[in-house]
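Residues per chain, in single letters:
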Amino acid sequence: MTTDHYIVLSAVLFSLGAFGMLFRRNAIVVFMCVELMLNASNLAFVAFARMHGNLEGQVFAFFTMVVAAAEVVVGLAIIVAIFRTRRSASVDEPSLLRF
Amino acid sequence: MGTSLLASATPTITYAPPEGVFTYLWLLIALPLLGAVFLLVMGNRTNAWGHYLATILPIGSFVLAVVMWLGLLAKPSEERGVIQHLWDWVIVGDFRANVGLQMDQLSMTFVLLITGVGSLIHIYSIGYMKDDPKRRLFFAYLNLFVAAMLLLVLADNYLLLYVGWEGVGLASYLLIGFWQYKPTAAAAAKKAFVVNRVGDFGLSVGIMLIFVTFGSVTFPDVFAQVGEADQSSLTWMEGPTPVSALIHAATMVTAGVYLIVRSNVIFDAAPTAQLLVVIVGAVTLIFGAIIGTAKDEIKKVLAGSTMSQIGYMILAAGLGPIGYVFAIFHLVNHGFFKANMFLGAGSVMHSFNNQEDMRRFGAIRTVMVITFVTFAAGWLAIMGVPPFSGFYSKDKIIEAALAQGWIPGLAAMIGAGITAFYMTRLFTMTFLGKARWTDDVHPHESPSVMTIPLIILGLLSAVSGFVLAWNGMIEKWLEPVTGFEHPEPPIPIPLISGITLVLVIVGALLAYQQYRRDVPVTAPTSVSPLTVAARKDLYGDAFNEAVFMRPGQYLTRALVWFDNRSIDGSLLAMGSATAGLSAAKLRKWQTGFSRSYAMSMLAGAFALFAIMLVVRL
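Bear in mind that the values here come from a model prediction, so they are computed numbers and not experimental data. (Residues numbered from 1 in each chain as written. Chains lettered and ligands numbered in written order. Predicted model: local features only at pLDDT ≥ 70, side-chain atom pairs only at ≥ 80, totals over all residues.)

How should I be thinking about the overall build of chain B in this particular structure?
Per the secondary structure count, chain B includes 22 helices and three strands. For chain B, with 617 residues in total, the buried portion stands at 47%. A sequence separation of at least 24 residues applies to 80% of the contacts in chain B between residues at least 6 apart. (Helix = DSSP H or I, 4+ residues; strand = E, 2+ residues; numbered from the N terminus. Buried ≥ 20, exposed ≤ 12 C-beta atoms within 10 Å, placed from the backbone. Contact = placed C-beta atoms within 7 Å.)

Teacher, can you tell me more about the overall build of chain A here?
Along chain A, the regular secondary structure elements total three helices and zero strands. Put simply, chain A runs from its N terminus to its C terminus through helices and strands in the order α-α-α. The globule rule puts the C-alpha radius of gyration for 99 residues at 13 Å, and the 16 Å found for chain A is more than 25% above it. For chain A, the spread of C-alpha atoms along the principal axes amounts to about 50 × 25 × 25 Å. Counting all 99 residues of chain A, 14% fall into the buried class. Taking as baseline every contact in chain A between residues at least 6 positions apart, the subset at least 24 positions apart corresponds to 49%. (Rg over C-alpha atoms; globule rule 2.2 N^0.38 Å.)

What is the right way to read the packing of helix H1 (residues 25-42) of chain B against helix H2 (residues 50-73) of chain B from this model?
Describing two packed helices takes the angle between their axes plus the distance from one axis to the other. Residue and element names in this part refer to chain B. Packing of H1 against H2 leaves a shortest axis separation of 8 Å and a crossing angle of 175°. Viewed along their axes, H1 and H2 adopt a mutual orientation that is roughly antiparallel. For the pair H1 and H2, the contacting residues are Leu27, Leu28, Leu31, Pro32, Leu34, Gly35 and Leu39 in the first and Gly50, Leu53, Ala54, Leu57, Pro58, Gly60, Ser61, Leu64 and Ala65 in the second. Grouping the constituent residues of the contact of H1 with H2 by class yields 12 nonpolar, four polar and no charged. (Axes fitted to C-alpha atoms, helices over the stretch in contact; angles between N-to-C directions. Parallel < 35°, antiparallel > 145°, perpendicular 65-115°, else oblique. Nonpolar A, V, L, I, M, F, W, Y, C, P; charged D, E, K, R; others polar.)

Explanation requested: the sheet that holds strand E1 (residues 15-16) of chain B in the structure shown.
Backbone hydrogen bonds are what pair the strands of a sheet, in a parallel or an antiparallel way. Residue and element names in this part refer to chain B. Spatially, E1-E2-E3 is the arrangement adopted by the three strands of the open sheet, whose pairing is mixed. Strands at the two margins of the open sheet, each flanked by one partner only, are E1 and strand E3 (95-103). Alignment of strand E2 (residues 81-92) against E3, held across nine bridges, turns out to be antiparallel. What sits directly across from Trp87, in E3, is Val99. Strand contacts of H1: E2 and E3, with the helix running at about 70° to E2, the strand carrying the most contacts. (Pairing = 2+ DSSP bridges.)

I tried to follow the interface of chain A and chain B on my own but got confused; where do I start?
Where interface size is given, it is often the accessible area lost as the parts come together that is meant. Each partner contributes residues to the interface: chain A has 10 residues there, and chain B has 11 residues. The class makeup of the residues in the side of chain A that touches chain B is seven nonpolar, one polar and two charged.

Is there a simple way to explain helix H3 (residues 56-86) of chain A in this structure?
Residues separated by three or four positions in an α-helix point in the same direction, a consequence of the helix having 3.6 residues per turn. Under the 1.5 Å per step criterion, the end-to-end length of H3 of chain A is 44 Å for 31 residues, consistent within 8% with the ideal 45 Å. Where H3 of chain A terminates, the next one or two residues include Arg87 of chain A, which has phi positive at roughly 55°. (Expected span 1.5 Å × (residues − 1).)

I tried to follow the environment of Ile286 of chain B on my own but got confused; where do I start?
Residue and element names in this part refer to chain B. Looking at the secondary structure, you find Ile286 in helix H11 (residues 271-294). Residue Ile286 is classed as partly exposed on the basis of its 18 C-beta neighbours within 10 Å. C-alpha of Ile286 to C-alpha of Leu510: the two residues are 224 residues apart in sequence and 18 Å apart in space.

In this structure, what is going on with the pairing of E2 of chain B? I would like to understand it.
Successive residues of a regular strand alternate their side chains across the two faces of the sheet. Where E1 of chain B lies against E2 of chain B, two bridges are found, and the strand directions are parallel. Bridge pairing in E2 of chain B places Tyr15 of chain B opposite Gly81 of chain B.

I'm lost on the packing of helix H4 (residues 135-154) of chain B against helix H5 (residues 158-176) of chain B in this one. Help?
Residues and elements named next belong to chain B. Close contact between H4 and H5 brings their axes to 7 Å; oriented N to C, the two are set at 155°. Classed by the angle they form, the pair H4 and H5 counts as roughly antiparallel. Classified by chirality, the crossing of H5 by H4 is left-handed. Only Leu160, Leu161, Val163, Gly164, Trp165, Gly167, Val168, Ala171, Ser172, Leu174 and Leu175 of H5 make contact with H4, whose side of the interface consists of Tyr141, Leu144, Phe145, Ala148, Met149, Leu151 and Leu152. (Left-handed = near helix turned anticlockwise from the far one by under 90°.)

Looking at this structure, how should I read the environment of Ala11 of chain A?
With respect to the element layout, Ala11 of chain A can be found in helix H1 (residues 3-23). Measuring from C-alpha to C-alpha, the distance between Ala11 of chain A and Leu43 of chain A comes to 9.5 Å, with 32 residues separating the pair along the chain.

Just checking my understanding: could you explain H4 of chain B for this structure?
Over its 20 residues, H4 of chain B extends 29 Å from the first C-alpha to the last, a length consistent with the 28 Å expected when each residue adds 1.5 Å. When you tally the buried positions in H4 of chain B, you get 18 out of 20 residues, the bulk of the element.

Quick question: what am I supposed to make of the confidence of the model for chain B here?
When pLDDT is low, close inspection of the predicted coordinates is not appropriate. Residues and elements named next belong to chain B. Looking at chain B as a whole, the pLDDT averages 80, with 89% of positions reaching at least 70. Confidence drops under a pLDDT of 50 for residues 1-6, and excluding neighbours within four residues, the segment shows 10 contacts in the predicted structure. Confidence drops under a pLDDT of 50 for residues 226-250, and excluding neighbours within four residues, the segment shows 75 contacts in the predicted structure. Under the prediction, the complex receives an ipTM of 0.85, its pTM being 0.71. (pLDDT = per-residue confidence, 0-100.)

I would appreciate a short explanation of unusual backbone geometry in the present structure.
Excluding glycine, a negative phi dihedral is what most residues carry, and trans is how most peptide bonds are arranged. Between Pro386 of chain B and Pro387 of chain B the backbone carries a cis peptide bond, its omega angle lying at 0°. In this structure, Pro387 of chain B sits in the loop between helix H14 (369-383) and helix H15 (389-404).

Would you mind showing me how to read the environment of Tyr597 of chain B here?
Of note, Tyr597 of chain B is situated in helix H22 (residues 594-616). On the neighbour-count criterion, Tyr597 of chain B (13 C-beta atoms within 10 Å) is partly exposed.

Following this line, the structure appears as structure tokens:
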């Protein structure tokens, strides 16, 4: 298992997350795709940290987790609020903020 | 030199840290400053009693100054210098400026004059401003003026002196424009302010040059190095004084005299600057006197006279060690008799409903006896009639000027003759002759709060010259700071005094003959060109207007036009272009679909990534 394997896995996970975020409409799924992208980048951080033998990447992974946790709190609250008003979890539905 | 009879041309004084009463040097300035700040901050709550507080504080400063004066007298004459370091002010690299106060014989003279005459003016103003709704404000400004003037004469370096200078400028602006609802007062204040800025410019350039040349702005440091310095740059030093002396004859210019005498070491090393100062002084004294002869408003005559007398002082200050002492001597005497006459004129105007046209006065001697008698003392003093004060100082200046050369000497003598003419004209038109009052005035003597300062100043105008000149007292007092040499005029001194006195009597008699009879109540229009010119301040204002004001106005107008058309125009064009473009095209990007935003973010990230790759390659 070299670093390359981890990086390839990280890229695959990130691409899956990015495509899912762009093509799925359900807000919950989009949200999970965002988490997938964040954790893909975490994987890359940790892999590079192990390659270089230092701790910076690991620390960054912790920061990403904290940010992700905060994002979950805010994001889920928004999704629940939108669902309550529109009875739908589609991300295309709330598009009033436009020209 | 205390015991020696030989006078020294250069200063011999040494300075020491303060001890005893001199540790309270700062209090001299702090008292009136406190009054100004307190009255301004507390506002209308102090309306009822603020003016009493504002009067007591300068009196307190005066008492403190007298105590210090006695303290100075107790020391040997060369050890009368005190420097009090208060705190470090500006320290940038090699540049140091402290807030420090310096007390010596020269500063002491000014402090006594400022606090003494200043206190009398405060007392007088209690009566004069009795019915003014803004009286508290007036007293706050008066206190500010006294504090700034004290800072100016007590500063131990040029930068702090500049602060005092600006303070005096501000206070005189506020006081001149005090009745700002009158357009003339507002305009005069604005003019004084702008003209002071011209003087500031000269002074600030002078201070910068002093720092560049000597590496310090502290008086002792600068003076210690003058001998080694490049003297050509010193000629710039005269900048502030003549500029303001020519245009603005007020207390500020007394500050100019102080500045020259304080910087005597620098001026002694720069003969060109001294010559220029002498010329400016001579021209100013003649111009001021000529202007004084043609004015009909009593205060304007006195203003012209102030300009002329300051010309005398500047002339004397430019003469070097033979003149410094007499410049200060005349300044002190002038402080007494001019304050006396200005307050006397105010007393007259007070009972004439603020009229100031002398053609509407006349015969006031019968109704305002105290004002008449005290004014007479001032009148005799300014003409230089022995034994009144002006005789002692003006004669000395004429002697010193003659020792320097015939031209300044003759200018000073002729100036004395013209002075006698215009002062007698003023005196005759106001106090003698027939009454030409308008129907609505009922002249009466002013209240005693106004006449008592007049009486004190009248007495001082009468005796100050005699007392100070007694046994060369003023020379001995000031010599350690300014240096002193006896002037040696080419003709005997009694002859000079005699000729001057004859000129004075001739001038006075001419004026008396002409103005004791009927004076038309409107100014005659068919008069000589010289009179017309003198009525218009010898075209001084017209000159300033044409040379300084008009080009300045054109410049500002051109700049405004350029600003409107080019700068604002281009900005407006940019703004409307941006707005138009974004309104039409860019807003299409705001679709409202969060997935399209995510798409553009991803595309942006890829673009950045691609650019980074390309740049690395």
